[in-house]
Structure formats: structure tokens, C-alpha cells
Amino acid sequence: QVQLVESGGGLVQAGESLRLSCTTSGRTFSDYDMGWFRQAPGKEREFVASINWRGYTYYAGSVKGRFTISRDNAKNTVYLQMNSLNPEDTAIYYCAAKGTMWTNDVFSRPNEYPYWGQGTRVTVSS
């Protein structure tokens, strides 16, 4: 079992940046593939970015080139650096984890991740 706690959300203006953090506890962090998802009001939860145990990454088209996912295994933390934010990025951002299968695959579907944080709210004003 792993516990996840997100932080770093807030209110910013369009064009600004934020860095989200997700710190885990309970199990060896490097044994997990990690993902970031978001859910805007009235919309379904959607994939943002993922990083596997080897550091391979994958991004949703809407954030590619603006967002960067990274992990620090020594700190049991995964990050999401978000640049050039726009109002369409407004959502609650969730961190998710799945036990790795030690492959090169990266995962983008919510149902592939059994462990979730409580979310952190990001609001981007125009």
C-alpha cells in the first residue's frame, strides 16, 4: 500500500507557472509507476502525464511542451512542472501510482492506477 499527498496548487494568472509535488509513503517509491491526472468542473478525469520506474515519460497532447513530469526517488516524490498555464488548465490535479511491472511501458488510463491522492486545486485566471 502507498499513500500519496499532493501539494503546490494555487491561483495563478495565465502565462505563469506552478510546480506540483506528490510525496508518497508506505512502500518503496521506485517500485511504482506514477501519473498525474486532472478533473475540471463538470468534466471527466483526464490524463496529464506519466513517468515509469525507469524515468520514461508520456504526455497528453494538450500539455506536451508546457508541462514536465519528473521523479526524485531519494525524496519519494514526483513533480509536475507546469509552464505557460492557461485557463483551460484549471482543474483539481491528482497524483496516482501503480506497482511497476519493470517494463518500458508508460500508462495513461485512470483505471490502471489503483492508488490516488486527494488532489490539489489549480486555478488559472485570464
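What this report covers is the structure whose coordinates are included nearby. (Residues numbered from 1 in each chain as written. Predicted model: local features only at pLDDT ≥ 70, side-chain atom pairs only at ≥ 80, totals over all residues. Heavy atoms only, no water.)

### A short note on the overall build of the protein chain
Part 1: What the protein chain contains, in helices and strands, is zero helices and 11 strands.
Part 2: When the helices and strands of the protein chain are listed from N to C terminus, the series reads β-β-β-β-β-β-β-β-β-β-β.
Part 3: Its C-alpha atoms give the protein chain a radius of gyration of 14 Å, near enough to 14 Å, the size a compact globule of 126 residues would have.
Part 4: Projecting the C-alpha coordinates of the protein chain onto the three principal axes gives extents of approximately 40 × 25 × 25 Å.
Part 5: By residue count, 42% of the 126 residues in the protein chain fall in the buried class.
Part 6: Of the charged side chains in the protein chain, 13 are positive and 11 negative, and the gap between their average positions amounts to 2 Å. (Helix = DSSP H or I, 4+ residues; strand = E, 2+ residues; numbered from the N terminus. Rg over C-alpha atoms; globule rule 2.2 N^0.38 Å. Buried < 20%, exposed > 50% of the residue type's maximum accessible area, 1.4 Å probe, protein only. Lys, Arg positive; Asp, Glu negative; His and termini not counted. Charge placed at Lys NZ, Arg CZ, Asp CG, Glu CD.)

### Here's the deal with the pairing of strand β3 (residues 18-25)
Part 1: Inspection of the sheet shows strand β1 (residues 3-7) paired to β3 by five bridges, in the antiparallel sense. Residue Q3 lies in a different strand from β3, and its bridge partner there is S25.
Part 2: Pairing analysis gives six bridges linking β3 to strand β8 (residues 77-82), with the strands arranged antiparallel. Counted as the bridge partner of R19 is Q81 from β8. (Pairing = 2+ DSSP bridges.)

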